[in-house]
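Residue strings, one per chain:
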Amino acid sequence: MEDSIQLKDEGNKLFQSGDTDKAIECYSKAIKACKDKKELAVIYRNRSACYLKKENFANAASDASKAIDVDAADIKALYRRCQALEKLGKLDMAFKDVQRCATLEPKNNTFVETLRRLGAEIQGKLKSTFSTDARVQNMFDILIDDEMEKDKREKAANNLIVLSREDAGAERIFQNNGVPLLLNMIETGKPEMILAAVRTLSGMCTGHKARAMAIIHMVGVDKMCSIMAVDNEELALATCNLFQCINDSLTGGDKREYGKEEALVLDTSKDLKTILLSLLEMVASKKVSGHGRDQALNLLSKNVPRTDMKNKDNSKALFTIDHGLKKILKVCGQVPELPDQLPMTDNTQLIASVLLNKIYDDLSCDPERDNFRDICDEYIKSKIDPNDMDRTIHAINTISGLLQGPFDVGNVLVGRQGIMEMMVALCASEREVDQMVAIEALIHSSSKMSRASFIITNGVSLLKDIYKKTNNEKIKIRSLVGLCKLGSAGGDDYGLRQFAEGSTEKLAKQCRKWLCNPKIDTKTRKWAIEGLAYLTNDADVKDDFVEDETALKAMFDLAKSKDKTIIYSVACTLVNCTNCYEKKEVLPELIQLAKFSKQHVPEQHPKDKKDFIEKRVKRLLKAGIISALAVMVKADSTILTDLTKEMLSRVFLALAMDAKDRGTIVAQGGGKALIPLALEGTEAGKTKASHALAKIASISNPEIAFPGERVYEVVRPLVSLLQTDKDGMQNYEALRGLTNLAGYSDKLRVKIVKEKALPEIENYMFEDHDQIRQAATECMCNLVTCKEVQDRYLEDGNDKLKLIILLCGEDDDKLQVAAAGALAMLTAAQKTLCHKLSLVTTQWLEILQRLCIHTNPSIQHRGLVIVYNMLNSDNSELAKKLMESELLEILSVIGKAENNPKRQDAIDAARECLVKAMDLSLIKPFTSPP
C-alpha cells in the first residue's frame, strides 16, 4: 500500500513541475501496485490529467472512465472525460458529463459556461448535419470515394435517390453542381453507380419543367440513350423511367407558375422532337440491347398515341409513321434463328406489334390509314426476293407482326396476290427456319373464317405432313398449333367443327405433352399454350385439360416466367375453360325461324352447361390459378393490353361466382390483383373486375382482402357499379361491398362520401326491387355515423329523413332492422333530428309504436333506442307528446317484464326510457299504498 501511495505522491510532484512523461510512468507503476479501489480511482484520474496535457485524448477519456466506474460522482474525473470527449468530437457524450458536473455543483461557472458552449455547438452541428446541403454533399463525398465500403456507398446512393424525390432535395442537388457529379458517377462504368445516378436524375426531373430541360442539355439525349442501350434490364428500365419523367414534365405534367422565367422554359417542342427521333433511331439500331429496344418501344407506345381521342392533334403518330414506321416493321420482321439480326428479348416483337396497333388506331381518317398501309406494303414488297430467301422470310415475318398488331392491315397484305401461296410454299421448304416462319404466319393469318377455309383447302395436308416428318420440336409444335387453330375455326359452336370427332382431343393431348416437358425451351412451349387457346373452344378439350393438374401448373409456371408474350394465350385458354366469354342471347323464336329456313343454328356442347363449368372452376382454383393471375396482372403495360386485361377480369369474375371460393381468392392475393384491372382497361373489363371486387368486398374482412392503403382504392370501382347502366346484380353486390367497407372505419366512410356515392345509394333506397332496396338501406345505416351524411339529413327541403321513417314501417324484417338502425344512430348523433322526425310525416308515431312492439328483438330494441333519443333531445314538448301516447303503456309492459337473455337489450332500453321520463317529471314512480 505504501509503495502505491509513494508512487502517486511522486507522480503528483512531477506533474506540478511540468514533467508529464515521468509523472505518467509513476502513475502507471502505482496502478500496478495499488490494491485499494478508491485509491486506484484517484491515480487513474490523475493520469487522465497527464494524458489531457499530452493531448492523448483517447487515453485521457479511458482513465477518467475507470475512475468514474468506482465513483460516479467524481466531479474531477467527469470534467476531465468531458474535455477529452469534446476534443474527440463526441459532443453529445461530453455534454452529458458536464451536465452531471453542473448538477453536482450548480454554482460552478466553469461547468455552466462549458454546458452552454457545448449545447450551442451540438445544435449547430445538428443543423449542419441535417441541412439538405450537407446531406447532399455528404452523399456525393461517399459515392465519389473509391475506397469507401460498398455498403456505405449503396446506402448513400439510395439516400441520394430519396433526396431527389423531395422538391427541396432535388433543387439542392441541382444547385450544388449535382448534375456534373452524377455524370461522374455514370462515367465510372459501375452499374450500381449508373443506376443510382439515373434514378436521382429521374427524381430531379419529375414535375419540374425548367430542371428537366436543363438536365436534357447537361446530360444529353444521346448519353441517356446510350445508357438505355446497355444490356442490363434494370438500367434500361431506370433510363426509360427517366425519359418518361422528362416527357411528363415537358408535356404539361408540371403545373408550376414560373412567372418571368416562363419565357426561358416555354418551348419544349424541340427537345421532345429530339427525344422522339432518338428513340426511333434506337428501335432499329444493332448497337442497342434487347432490353433497351423493349424500353424504347415502350416509351413510343406510351407517348406517341393520343391519351384522349377528343384531342384532334395526332401529329406525333403521323411524325412517327414518316420517320420510324419502317424501323418498327424491321423489328417485327427479325428472325432470331438467322445470323446478323437485331438483339431482342422474348417480348420485343410483340411489343413492336402492339405499338403498330396503337399508332394505327390513333389515325383519324382514311387517307392517313391508306398511307400507313402503303408504307407497310412498300416495305414488304422491297424485302421479297426469290433469289434471297432470308429477305423473303423477313417479309413474311413482318406480315406476322402486323397480323398480331393492326390486324386489318396485315389481313389486307396477306390478301395481296401470291402472299398466301408463298406462305404455303415456304412450308414445303427444306430449310427449317423457312418452315417455322411460314407456319407462324399461317397461324396468325387464319383468324378469319375465310382465311381458315383457304388454308384448310390448301395447307392442312401440308401441315400434317410437316408434323409427321420433321424432327425439329420447334417446327413440330408450330405445325401442330396451325392444325389446332384450323380445327377450332368454328369457335365454341358444336355444329361447326372442322375436323372429325376426337381429332381435337388428340391435338390437345399432344399440346399438353409438350407443355409439361421442361426440356423444351419456354419460347417453344409457349406455342403449346397457343394451341390450347384455340382447342379449348371445344368443351371436351377444356374438360380434359382442367383434369390434368400437371399441365395446368406447367401453364401457370410459364405465365409467371419472364416471357410475357405467353400471357395473351394463357388468358384466352382460361376464358375458354371458365366459359366467361361474351355470349349473345339467341331468342327461341329466331332459332325456330333459322331451322325452318334451313340456316345454321349455333349448338351448345353438353359439357358447356353450368355444372360442368363450376367443376372446372374448382379444379383451376385447386391448381393455383390465382397466384398466376396475380403475376400476370403485374406485367408491363405494353404487353398487358386492354383486351388481355378484360379477359383476366372475366376469369376473375368467373372464379368469384361461388362465395365459398372467395376466401381462396383473397388468401392467394386475388383481391389486390383485381384493383388495377378495375381502374384501367376497356369499360367491359373494368366492370367485370369491379363486379368481382364487389363479390369479394361483400363477404370478406377488408383488412385481410385489401391490406394497407389498398382498401381505399376499392371504393371507386364499387361506386362505379351503382350507375343506372349497370345490371341489378352488379348494383346489389356493389351496395353489399360498400356496406361492409362502411362498417370498417370512419376514413372509409369519408372516402365513400368523397366518391359521390351518397346520391346513388339514396336512389336505390327507393328501388322497387326488395333486395336492392334492403342493401342500399343497410349501406346507409353504416354510413350515418359520418358527419357529412348526418348533414344531408339535417338539410331542409328533402325527403331523406321521411324515407328512413317510412322504411321502418315496411313489412320486411331485414329492411326494418337497417332503417331503424340508421334512425337510431341519426337521432343519437343529432338531437335536432328528433324534432324534425315528428314533422316530416304524420305516421311517425304509429311507426315508432309498431317498432317498439315488434316480435323481432333487434327491431324492437332499435325502436326503443329511438324513443330514448327523443326523450333525451332537450325538447320537452316532444317528450310530453310521447308520454301522453300509447308508448307509455308499451314501455311499462316491456320494462316490467322479467329478465330474458333473448330480449334483454329491449327490456333494458325500455327501463332507461322510463327512468328518463321520471327524470323529466313526465311520470311519477309507482308507490304502494301505506
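Analysis parameters
- Residues numbered from 1 in each chain as written.
- Predicted model: local features only at pLDDT ≥ 70, side-chain atom pairs only at ≥ 80, totals over all residues.
- Heavy atoms only, no water.
- Helix = DSSP H or I, 4+ residues; strand = E, 2+ residues; numbered from the N terminus.
- Rg over C-alpha atoms; globule rule 2.2 N^0.38 Å.
- Buried < 20%, exposed > 50% of the residue type's maximum accessible area, 1.4 Å probe, protein only.
- Contact = heavy atoms within 4.5 Å.
- Areas by Shrake-Rupley, 256 points an atom, 1.4 Å probe, with all protein chains shown as cover.
- Lys, Arg positive; Asp, Glu negative; His and termini not counted.
- Charge placed at Lys NZ, Arg CZ, Asp CG, Glu CD.
- Phe/Tyr/Trp six-rings, centres within 6.5 Å; stacked < 30°, edge-to-face > 60°.
- Lys NZ or Arg CZ within 6 Å of the ring centre and 35° of its normal.
- Salt bridge = Lys/Arg side-chain N within 4 Å of Asp/Glu carboxyl O.
- Expected span 1.5 Å × (residues − 1).
- Polar contact = N/O pair within 3.5 Å; in protein donor to acceptor, adjacent residues only side chain to side chain.
- Axes fitted to C-alpha atoms, helices over the stretch in contact; angles between N-to-C directions.
- Parallel < 35°, antiparallel > 145°, perpendicular 65-115°, else oblique.
- Left-handed = near helix turned anticlockwise from the far one by under 90°.
- Nonpolar A, V, L, I, M, F, W, Y, C, P; charged D, E, K, R; others polar.
- pLDDT = per-residue confidence, 0-100.
- Disulfide = S-S within 2.5 Å.

Section: the overall build of the protein
Then comes step 1: Per the secondary structure count, the protein includes 56 helices and zero strands.
Then comes step 2: In summary, the protein has a C-alpha radius of gyration of 40 Å against a globular reference of 30 Å for 930 residues, an excess of more than 25%.
Then comes step 3: Dimensions of the protein, computed from C-alpha atoms along their principal axes, come out at roughly 125 × 110 × 65 Å.
Then comes step 4: Looking at the 930 residues of the protein, the share that counts as buried comes to 52%.
Then comes step 5: Contacts in the protein between residues far apart in sequence, at least 24 positions, make up 68% of those at least 6 positions apart.
Then comes step 6: Summed over all atoms, the accessible surface of the protein reaches about 44900 Å², with 50% contributed by carbon and sulfur.
Then comes step 7: Averaging the positions of the 132 positive and the 134 negative side-chain charges in the protein gives two centres separated by 2 Å.

A word on unusual backbone geometry
Then comes step 1: Even without glycine at this site, Asn579 takes up a positive phi of about 55°.
Then comes step 2: Mapped onto the secondary structure, Asn579 falls in the loop between α33 (567-578) and α34 (588-596).
Then comes step 3: By relative accessible area, which is 17% here, Asn579 ends up buried.
Then comes step 4: Located in the positive-phi region is Asp874, a residue other than glycine, with phi close to 65°.
Then comes step 5: Here Asp874 lies in the loop between α53 (857-871) and α54 (876-883).
Then comes step 6: Its relative accessible area of 67% is what places Asp874 among the exposed residues.

Thoughts on the packing of aromatic side chains
Then comes step 1: Within the structure shown, the criterion is met by three aromatic pairs.
Then comes step 2: Its guanidinium or amino end placed over the ring of Phe15, Lys53 lies 5.2 Å from that ring's centre, counting from NZ or CZ.
Then comes step 3: One cation-aromatic arrangement involves Lys615 over Phe612; the distance from NZ or CZ to the ring centre is 5.8 Å.

Examining the pattern of salt bridges
Then comes step 1: Evaluation of the coordinates by the stated rule reveals 44 salt bridges.
Then comes step 2: With a closest N to O distance of 2.9 Å, Glu762 and Arg792 form a salt bridge. One end of the pair, Glu762, is in helix α46 (residues 758-764); the other, Arg792, is in helix α48 (residues 787-794), and 30 residues separate them in sequence.
Then comes step 3: A relative accessible area of 21% places Arg792 in the partly exposed class.

Digging into α53
For the α-helix, the turn length of 3.6 residues means that residues three or four positions removed from each other point alike.
Then comes step 1: Spanning 15 residues, α53 covers 21 Å between terminal C-alpha atoms, matching the ideal 21 Å at 1.5 Å per step.
Then comes step 2: Among the structural elements, α50 (813-829), α51 (831-840), α52 (844-852), α54, α55 (887-896) and α56 (904-919) are those in contact with the buried residues of α53.
Then comes step 3: For α53, the capping residue at the N-terminal end is Asn856, with a side-chain oxygen 2.9 Å from the backbone nitrogen of Ser858.

Thoughts on the side chain of Ser202
Then comes step 1: Summarising the element assignment, Ser202 is placed in helix α12 (residues 191-205).
Then comes step 2: Here Ser202 falls in the buried class, since its relative accessible area comes to 4%.
Then comes step 3: Setting aside residues up to four positions removed in sequence, Ser202 forms contacts with Ala238, Asn241, Leu242 and Cys245.

A closer look at the environment of Cys781
Then comes step 1: Of note, Cys781 is situated in helix α47 (residues 770-783).
Then comes step 2: With relative accessibility at 11%, the residue Cys781 sits in the buried group.
Then comes step 3: Taking the C-alpha atoms as reference points, Cys781 and Cys225, separated by 556 residues in sequence, lie 58 Å from one another.
Then comes step 4: Once residues lying within four places of it in the same chain are set aside, the contact partners of Cys781 are Ala818, Gly821, Ala822 and Met825.

Examining the packing of helix α19 (residues 315-332) against helix α20 (residues 348-361)
Then comes step 1: At a closest axis distance of 10 Å, the pairing of α19 and α20 adopts a crossing angle of 150°. With respect to α20, the axis of α19 lies roughly antiparallel. Crossing hand, α19 versus α20: left-handed. On the side of α19, the interface is formed by Ala317, Thr320, Ile321, Leu325, Ile328, Leu329, Val331 and Cys332, while α20 contributes Thr348, Gln349, Ala352, Ser353, Leu355, Leu356 and Ile359.
Then comes step 2: Looking at side-chain class alone, the contact of α19 with α20 contains 11 nonpolar, four polar and no charged residues.

As for the packing of helix α44 (residues 728-742) against α47
Then comes step 1: Where α44 contacts α47, the axes come no closer than 8 Å and their chain directions differ by 20°. By the angle class used here, α44 and α47 are roughly parallel. For the crossing formed where α44 meets α47, the hand is left-handed. Here α44 contributes Gly728, Tyr732, Leu735, Arg736, Leu738, Thr739 and Ala742 to the contact with α47, which in turn contributes Gln771, Ile772, Ala775, Ala776, Glu778, Cys779, Asn782 and Leu783.
Then comes step 2: Within the contact of α44 with α47, the residues separate by chemical class into nine nonpolar, four polar and two charged.

Topic: the environment of Ala428
Then comes step 1: Relative to the helices and strands, Ala428 is located in the loop between α24 (419-427) and α25 (432-445).
Then comes step 2: Residue Ala428 is classed as exposed on the basis of its relative accessible area of 53%.
Then comes step 3: Along the chain, Ala428 and Gly821 lie 393 residues apart, while their C-alpha atoms are 77 Å from each other.

Structural notes on the side chain of Gln860
Then comes step 1: One can find Gln860 in helix α53.
Then comes step 2: For Gln860, the contacting residues outside a window of four places in its chain are Leu851, Cys852, Ile853, His854, Ile894, Arg903 and Ala906.

Here's the deal with the confidence of the model for the protein
For any part of a model where pLDDT is low, the fine detail of the predicted coordinates should not be relied upon.
Then comes step 1: The pLDDT averaged across the protein works out to 86; a share of 91% of its residues lies at or above 70.
Then comes step 2: The lowest-confidence element of the protein is helix α16 (residues 262-265), averaging 48 in pLDDT; the highest-confidence one is helix α14 (residues 221-228), averaging 95.

As for helix α40 (residues 683-699)
Then comes step 1: Spanning 17 residues, α40 covers 25 Å between terminal C-alpha atoms, matching the ideal 24 Å at 1.5 Å per step.
Then comes step 2: Counting buried residues along α40, 12 of its 17 residues qualify, which places the element largely inside the surrounding structure.
Then comes step 3: Every buried residue of α40 is accounted for by Gly685, Thr687, Ala689, Ser690, His691, Ala692, Leu693, Ala694, Lys695, Ile696, Ala697 and Ser698.
Then comes step 4: Looking at the buried residues of α40, the elements they touch are α37 (642-655), α38 (662-667), α39 (670-679), α41 (702-705), α43 (715-720) and α44.

Some words on the state of the cysteines
Then comes step 1: One pass over the full model with this rule turns up zero disulfides.
Then comes step 2: This cysteine, Cys913, is not joined by any disulfide, and Cys852 carries the nearest cysteine sulfur, 7.4 Å off.
Then comes step 3: Assessed through its relative accessible area of 0%, Cys913 is described here as buried.

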